[in-house]
Amino acid sequence: MADQTLEVNTAVEDHAEKPEPGEPEVSGPATEEEPDCSHGRDSPENAHPAAAESSWSAPILSLARKATETISSGMSYAAAPRKPSQDSAVGSPSEKGAESDLSSTSEKLPVAPAKDPMAIERSNLLSMLKLSIKVLIQSSLSLGRTLNSEYPPLQQFFLVLEHCLKHGLKAKKSFIGLNKSIWGPLELVEKLCPESANIATSARDLPGIRTGLGRARAWLHLALMQKKVADYLKALLDRKDLLSEFYDSGALMLEEEGAVMGGLLVGLNVIDANLCIKGEDLDSQVAVIDFSLYLKDPASSETPKDDTKMTAILDQKHYIEELNRHLSGTVTDLQAKMDSLEKTNSKLVEELTAATDRINSLQEEQEQLRQENDSILLTSQKKEEAALQDSQVELETYKQTRQGLDEMYNVVWKQYKEEKRIRQELEHELELQVGLKKEMEVAMKLLEKDIHEKQDTLAALRLQLDQVKTLNLQMFHKAQDSSRQAEKKQAEAVQLEQRINEMEKAMVELEERLQKSEQERRQSDQSDKDMRVELEAEVDAFQKQLTDLDTLRMGLENELRAEREQRQSLQKALQREQDNSAELRTQLQQLQGLHTELQDLKTEKKQLQQRCEQQEQTLQEMGLHLSQSKLKMEDFKEVNKALKGHAWMKDDEATHCKQCQKEFSISRRKHHCRNCGDIYCNSCSSNELALPSYPRPVRVCDVCHSLLLQRSSSTAS
């Protein structure tokens, strides 16, 4: 039935787009789906062209009538193409005349092959999406305000979009069975568009949503509020290699219709929506398309009565089918819940029997523990009394010994302080003497440096003397040479003699300097020897003092060792006494532990008793839930039987209110009761109740309101 209605909507959209300006009308042979649409009977579109241009819904009624005829005759749009002679039996006399005029041209045309059913479904879904987007944009612009989640055209748009995304979706195996969920492909958008990460995380973290379908619906709501549905789906449609993992070949998302769908969704950026997702039950919403929104005719006065009857019949038919489908779904859900409750009940009974057995065993163990505890208490009390008496005697002896030890310790401590003071004074004197010794060593090093410097200067002067001697020898050799040539060089000899005299004077001066330096060196050597003798005498005196101090230190160390041995003996005696007191404390702690174990056993007993009481209460509650669910099942069966018996009353059949018998007029309008299907006035049907076939509260007459309230109160009690 859903496929047939979707096929009707494709024809509706094709004809709705014809009168738009700028698009030429197509004339010629009929298409594969509707072979006699172009040569059909005189529709309201042909009779009133002005109305067809102003409203897109004018040709819908005629197409719906033709769709019902084809459905009743068992014809399918996905079947093979029909010949004009077969189609003429369905049409009116005007259609026969039109087809007879064009029989020659239609015979010459080739027969079109059968169309793929997946292609038909794609075109139907695309046309339904076009209609839903068009109605949503027009209605939102006419309202001029932000849309909420209860706005019917918005709900229908989400349903149609969900059907489009589910088309050709692969079923994944799970523990429950085959599962089809659009959350898998929508979750890929987070990788392709990083800015959609906030939407994905918020859809996952919503507390009331448990299924993947509910998360996908929440994701679509949030994307519409951000005005980025088209951008996200376009990014997803561009990656068909990723979509092929989730969709079969021929699915809407993998074909050209997917790109068209992305272009259509761009128009939704005009809409402002403020949707509350937390309070809604997105997991269990029934995804059923309401075609009554798209089959309404605003110019109802111009259409004939046949069209209104046809729409009423179609509405009644869809309403009853939807009721039956929803009721069957609720019955299966309740049966599954009954089975799960029975299983849980059997498990609880088994757990209760096991708990009772465990309680009995624990009670026996508790009695044994009581007896053991009484015997332990008697023995422990006796041990406590004996231990207390012993401890009192030991404490008195310990106090007496401790007083004597304290006195000895005080005397020893005073002696130790005096010896420590003497030792500190001796150490201070040693430090002073060591400091003097270091100063003397520094002075010796400085003297050694001066001596080395003077020795270096003496070596330099000796080198100069050697050089002068060598010069004298050279000059002597030259003088011998010059004596041979004295006649020639007398002037030079005179000069040389003068130079020799000068050199001799310099030699004399140098010798005097050498003598003076040698005298100074001797004096410095004597002073060094004297200083060394004095230092050696002082060092010997210091060494004697150090030996005396070492002997004193050794005596003091021996005394300290003796005092330490005495102190260690005293500490050992104290440790023995402490060990005795620790044993007494451990015995006391053992007694306290036995008391705590007794208290723990008592608390465990109380907890087990509370668990038994809680399990008994839960069993009683489960029995009440089972009885209530059985009553609800019976009520649903009665409602299903009653709904099968009720019929949706036509608007033309009712002229007076069924309850108050007042005549309907312009001021007193007609209202259908969604429970019984009869027509009432506004005052007799002003109540609203939540019915199982509707997601929110709907209009109900006073009689049905009272009956349903009585039934709900009886089930609640």
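All values reported here derive from a predicted model rather than from experimental measurement.

*Asks:* Can you walk me through the overall build of the protein in this structure?
*Replies:* Looking only at helices and strands, the protein features 19 helices and six strands. Out of the 717 residues in the protein, the part that is buried amounts to 29%. Long-range contacts, defined here as pairs at least 24 residues apart, represent 71% of the contacts in the protein between residues at least 6 apart.

*Asks:* Could you clarify how one ought to interpret the pattern of salt bridges in this entry?
*Replies:* Side chains carrying opposite charge are able to pair once their charged atoms draw close together. Throughout the structure, instances matching the rule amount to 13 salt bridges. With its nearest N and O atoms 3.4 Å apart, the salt bridge here joins Asp525 to Arg521. Taken together, the residues span about one helical turn, with Asp525 and Arg521 both in helix α18 (residues 490-645) at a distance of four residues. Accessibility expressed as a relative area gives 26% for Asp525, which makes it partly exposed. Between Glu557 and Arg553 there is a salt bridge whose closest N-O contact spans 2.7 Å. With Glu557 and Arg553 both in helix α18 and four residues apart, the pair spans about one turn of that helix. Among the residues examined, Glu557 registers a relative accessible area of 23% and is labelled partly exposed.

*Asks:* What exactly am I supposed to notice about the nonpolar core here?
*Replies:* The tendency in soluble globular proteins is for nonpolar side chains to be buried side by side. Within the largest apolar cluster, 58 residues are counted, with the highest numbers of intra-cluster contacts made by Leu154, Phe157, Trp219, Tyr247, Met261 and Leu265. Not counting residues up to four positions away in its chain, the partners in contact with Met261 are Leu126, Leu129, Leu161, Cys164, Leu252 and Met253. Grouped together as the second largest cluster of nonpolar side chains are 16 residues, Ala654, Ile679, Leu689 and Cys704 included.

*Asks:* Mind showing me how you'd approach helix α9 (residues 152-166) here?
*Replies:* Each α-helix winds once per 3.6 residues, and so residues spaced three or four apart point in a common direction. In a regular helix each residue adds 1.5 Å, so 15 residues correspond to 21 Å; α9 covers 21 Å between its end C-alpha atoms and thus fits that length. Along α9, eleven of the 15 residues are buried, which leaves the element largely enclosed by surrounding structure. By the burial criterion, the buried members of α9 are Pro153, Leu154, Gln156, Phe157, Phe158, Leu159, Val160, Leu161, Glu162, Cys164 and Leu165. Tucked inside the fold, the buried residues of α9 contact α8 (117-143), α13 (212-225), α14 (229-238) and α16 (256-264). Directly beyond the C-terminal end of α9, a positive phi value near 70° is found at Gly168.

*Asks:* Just to check I follow, could you spell out the state of the cysteines for this structure?
*Replies:* Disulfide: a covalent bond formed between the sulfur atoms of two cysteine residues. This structure, assessed with the given rule, holds zero disulfides. Free of any disulfide, Cys660 has its nearest neighbouring cysteine sulfur in Cys657, separated by 3.5 Å. Taking the relative accessible area as the measure of exposure, Cys660 reaches 28% and is therefore partly exposed. The closest cysteine sulfur to the non-disulfide-bonded Cys681 is located on Cys684, 3.5 Å from its own sulfur.

*Asks:* So what exactly am I meant to see when it comes to the packing of α8 against α16 here?
*Replies:* Working note: a packed helix pair is described by the angle between its axes plus the distance between those axes. α16 packs onto α8 with a crossing angle of 5° between their chain directions and a minimal axis gap of 11 Å. By the criterion of interaxial angle, the relationship of α8 to α16 is roughly parallel. Note on element contacts: α16 touches α8 through Glu257, Val260, Met261 and Leu264, opposite Arg122, Leu126, Leu129, Lys130 and Ile133.

*Asks:* Sorry, what's going on with unusual backbone geometry here?
*Replies:* If a residue is not glycine, its phi is most likely negative; likewise, a peptide bond is most likely trans. Notably, Lys227 is not glycine yet its phi reads approximately 60°, a positive angle. In this structure, Lys227 sits in the loop between α13 and α14. In this model, Gln661 sits at a positive phi of 60°, which is unusual for a non-glycine residue. Structurally, Gln661 is set in the loop between α18 and β3 (671-672). Gln661 gets classed as exposed once you look at its relative accessible area, which sits at 51%.

*Asks:* Looking at this structure, how should I read α13?
*Replies:* Taking 1.5 Å per residue as the helical rise, α13 with its 14 residues ought to reach 20 Å, and the 20 Å between its terminal C-alpha atoms agrees with that figure. For α13, the complete set of buried residues consists of Gly212, Leu213, Gly214, Ala216, Arg217, Ala218, Trp219, Leu220, His221, Leu222, Ala223 and Leu224. Packing partners of the buried residues in α13 comprise α9, α10 (183-187), α11 (189-192), α12 (197-205) and α14. A side-chain oxygen of the first residue of α13 lies 3.3 Å from the backbone nitrogen of Gly214; this N-cap is Thr211. Just downstream of α13, Lys227 is the residue with a positive phi angle, here 60°.

*Asks:* Hey, could you run me through the environment of Cys164 in this one?
*Replies:* Mapped onto the elements, Cys164 comes out in helix α9. Residue Cys164 is classed as buried on the basis of its relative accessible area, which comes to 1%. C-alpha separation for the pair Cys164 and Leu125, spaced 39 residues apart in sequence, amounts to 6.1 Å. Once residues within four sequence positions are removed from consideration, Cys164 is found in contact with Leu125, Leu129, Leu252 and Met261.

*Asks:* Before we go on, may I ask you to explain the packing of aromatic side chains in this structure?
*Replies:* For any pair of aromatic rings, geometry is given as the distance between the ring centres together with the angle between the planes. Evaluated as defined, the whole model comprises four aromatic pairs. Aromatic side chains Phe157 and Phe158 sit 5.6 Å apart centroid to centroid with 50° between the ring planes, which places their arrangement in the tilted category. Across the pair, Phe158 and Phe157 agree in class, each one buried. Ring geometry for Trp219 against Tyr232: centres 5.8 Å apart, planes inclined by 45°, an arrangement best described as tilted.

*Asks:* Explain the confidence of the model for the protein to me, please; I cannot follow it from the model alone.
*Replies:* Looking at the protein, pLDDT values average 75 and 76% of them are 70 or higher. Across the protein, strand β4 (residues 679-680) holds the top mean pLDDT of 92, while helix α5 (residues 84-87) sits lowest at 36. Note on residues 1-64: pLDDT is under 50 here. Beyond four places in sequence and across chains, it has 112 contacts. Taken as a whole, residues 70-112 scores under 50 in pLDDT and shows 43 contacts with residues more than four places along the chain or in a different chain.

*Asks:* Is there a simple way to think about the environment of Ala355 in this case?
*Replies:* Take Ala355: it is sitting in helix α17 (residues 305-484). Judged by relative accessible area, Ala355 falls into the buried class, the value being 17%. It is 7.4 Å that separates the C-alpha atoms of Ala355 and Cys612, two residues lying 257 residues apart in sequence.

*Asks:* It is not clear to me how the side chain of His671 should be interpreted in this structure. Could you clarify?
*Replies:* For His671, the location among the structural elements is in strand β3. For His671, a relative accessible area of 18% gives the class buried. In this structure His671 touches Asp678, Ile679, Tyr680, Cys681, Asn682, Ser685 and Arg699, once residues within four positions along its chain are discounted.

Conventions used here
Residues numbered from 1 in each chain as written. Predicted model: local features only at pLDDT ≥ 70, side-chain atom pairs only at ≥ 80, totals over all residues. Heavy atoms only, no water. Helix = DSSP H or I, 4+ residues; strand = E, 2+ residues; numbered from the N terminus. Buried < 20%, exposed > 50% of the residue type's maximum accessible area, 1.4 Å probe, protein only. Contact = heavy atoms within 4.5 Å. Salt bridge = Lys/Arg side-chain N within 4 Å of Asp/Glu carboxyl O. Core = buried A, V, L, I, M, F, W, Y, C linked by side-chain atoms within 4.5 Å. Expected span 1.5 Å × (residues − 1). Disulfide = S-S within 2.5 Å. Axes fitted to C-alpha atoms, helices over the stretch in contact; angles between N-to-C directions. Parallel < 35°, antiparallel > 145°, perpendicular 65-115°, else oblique. Polar contact = N/O pair within 3.5 Å; in protein donor to acceptor, adjacent residues only side chain to side chain. Phe/Tyr/Trp six-rings, centres within 6.5 Å; stacked < 30°, edge-to-face > 60°. pLDDT = per-residue confidence, 0-100.

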